[in-house]
Amino acid sequence: MRRGGRGPLERRCACQAALRWETCENPNGQGLLALCLNPGCGIITTAPVEGSEPDDGLARFLLGDDSAPRYLAPWTRFWSRAIALGFRWKPAQPTCGPCGSELAMELRLAPRSGHYHDPHRVLLCLACGATLVAGRIDGQSRTLALEGRAWDEPVLVLRTLKRAIEELALEGQTWDFFS
Ligand SMILES: [Zn+2]
Ligand SMILES: [Zn+2]
């Protein structure tokens, strides 16, 4: 029996607006995809059964059933996490020293009283993971240069950095330090 039957044409969006179903090619062959006709919504629906749209419906439709999440290097996860928390990375002024990549990014963190060990500036190369962390290290203002593999089992300064962005985000301190 064909999955869904006549259901798709009758199903409405979660916002109750009508859906426009289309047949699309995907890794599983062909599938049905619906766009909500409410211009204020625009949600894409992939499940033909009412109320059963999975969170990853669109990803599964586009990537097929067997796709596993792509591996991300630990520094790439940190970069992405900082963005999700509301921080804004800027392209760093020099390209990456060790690998020459242009994917060198800079993040500045707001200083907090009582948190003298927080890094205040981070340069991170998304290509190789080379990282420069500026802050008070061992009681002195210093810049520490780390290789990408320092992220595998993060050294203290990277653990401090990870904790700092979580705490700053909780305090709403993700403001753009550059402007
Ligand atoms: Zn809708
Ligand atoms: Zn690099």
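Residues numbered from 1 in each chain as written. Chains lettered and ligands numbered in written order. Predicted model: local features only at pLDDT ≥ 70, side-chain atom pairs only at ≥ 80, totals over all residues.

Draft legend 1. Molecular detail of the overall build of the chain. From N to C terminus, the chain includes four helices and eight strands. For the chain, the N- to C-terminal ordering of α and β elements is α-β-β-β-α-α-β-β-β-β-β-α. Contacts in the chain between residues at least 24 apart in sequence constitute 42% of all its contacts with a sequence separation of at least 6. (Helix = DSSP H or I, 4+ residues; strand = E, 2+ residues; numbered from the N terminus. Contact = placed C-beta atoms within 7 Å.)

Draft legend 2. Layout of the sheet that holds strand β1 (residues 19-26). The three strands lie next to each other as β1-β2-β3, forming an open sheet whose pairing is antiparallel. Among the strands making up the open sheet, the edge pair consists of β1 and β3 (44-45). Here eight bridges tie β1 to strand β2 (residues 29-36), and the two strands are oriented antiparallel to one another. When the bridges of β2 are listed, Arg 20 appears paired with Leu 35. (Pairing = 2+ DSSP bridges.)

Draft legend 3. Structural detail: the confidence of the model for the chain. For the chain, per-residue confidence averages 84 on the pLDDT scale, and residues scoring 70 or more make up 87% of the total. Taken element by element, the predicted model of the chain shows its lowest mean pLDDT in helix α1 (residues 7-10) (58) and its highest in helix α3 (residues 74-84) (96). For the stretch residues 1-6, pLDDT sits under 50, and the model shows three contacts to residues farther than four places along the chain or on other chains. (pLDDT = per-residue confidence, 0-100.)

Draft legend 4. Local environment of the environment of Leu 170. Residue placement: Leu 170 occurs in helix α4 (residues 156-170). Spatially, the C-alpha atoms of Leu 170 and Leu 85 are 8.7 Å apart, while their sequence positions differ by 85 residues.

Draft legend 5. Examining the nonpolar core more closely. With 22 residues, the main nonpolar core has Ala 82, Val 122, Leu 124, Cys 125, Leu 161 and Ile 165 as its most contacted residues. Tallying contributions element by element places α4 first for this core, with five residues. Leaving out residues up to four positions away in the same chain, Leu 124 has contacts with Trp 75, Trp 79, Met 105 and Thr 131. Counting residues in hydrophobic clusters, the runner-up holds five residues, among them Cys 13, Leu 19, Ala 34 and Cys 36. (Core = buried A, V, L, I, M, F, W, Y, C linked by C-beta atoms within 7 Å. Buried ≥ 20, exposed ≤ 12 C-beta atoms within 10 Å, placed from the backbone.)

Draft legend 6. Broad picture of the environment of His 117. Checked against the element boundaries, His 117 lands in the loop between β5 (104-108) and β6 (119-125). Note: C-alpha distance between His 117 and Gly 135 (18 residues apart in sequence) is 6.7 Å. Once residues lying within four places of it in the same chain are set aside, the contact partners of His 117 are Gly 135, Arg 136 and Thr 160.

Draft legend 7. A look at α4. Taking 1.5 Å as the rise per residue, α4 with 15 residues should run 21 Å; its terminal C-alpha atoms sit 21 Å apart, in good agreement. Buried within α4 we find Leu 158, Leu 161, Ala 164, Ile 165 and Leu 168. Axial view of α4: buried residues confined to an arc of 115 degrees, hence all on one face. Exposed and oriented more than 90 degrees from the buried face of α4 are Leu 156, Arg 159 and Leu 170. Phi for Gly 172, located one or two positions after α4, is positive at around 75 degrees. (Expected span 1.5 Å × (residues − 1). Arc of directions from axis to C-beta.)

Draft legend 8. The arrangement of α3 in detail. Listed as buried for α3 are Trp 75, Phe 78, Trp 79 and Ala 82. Take α3 and look down its axis: the buried residues cluster within an arc of 100 degrees, on one side only. When the buried face of α3 is taken as reference, the exposed residues oriented beyond 90 degrees from it are Ser 80 and Ala 84. Gly 86 sits one or two residues past α3 and shows a positive phi near 105 degrees.

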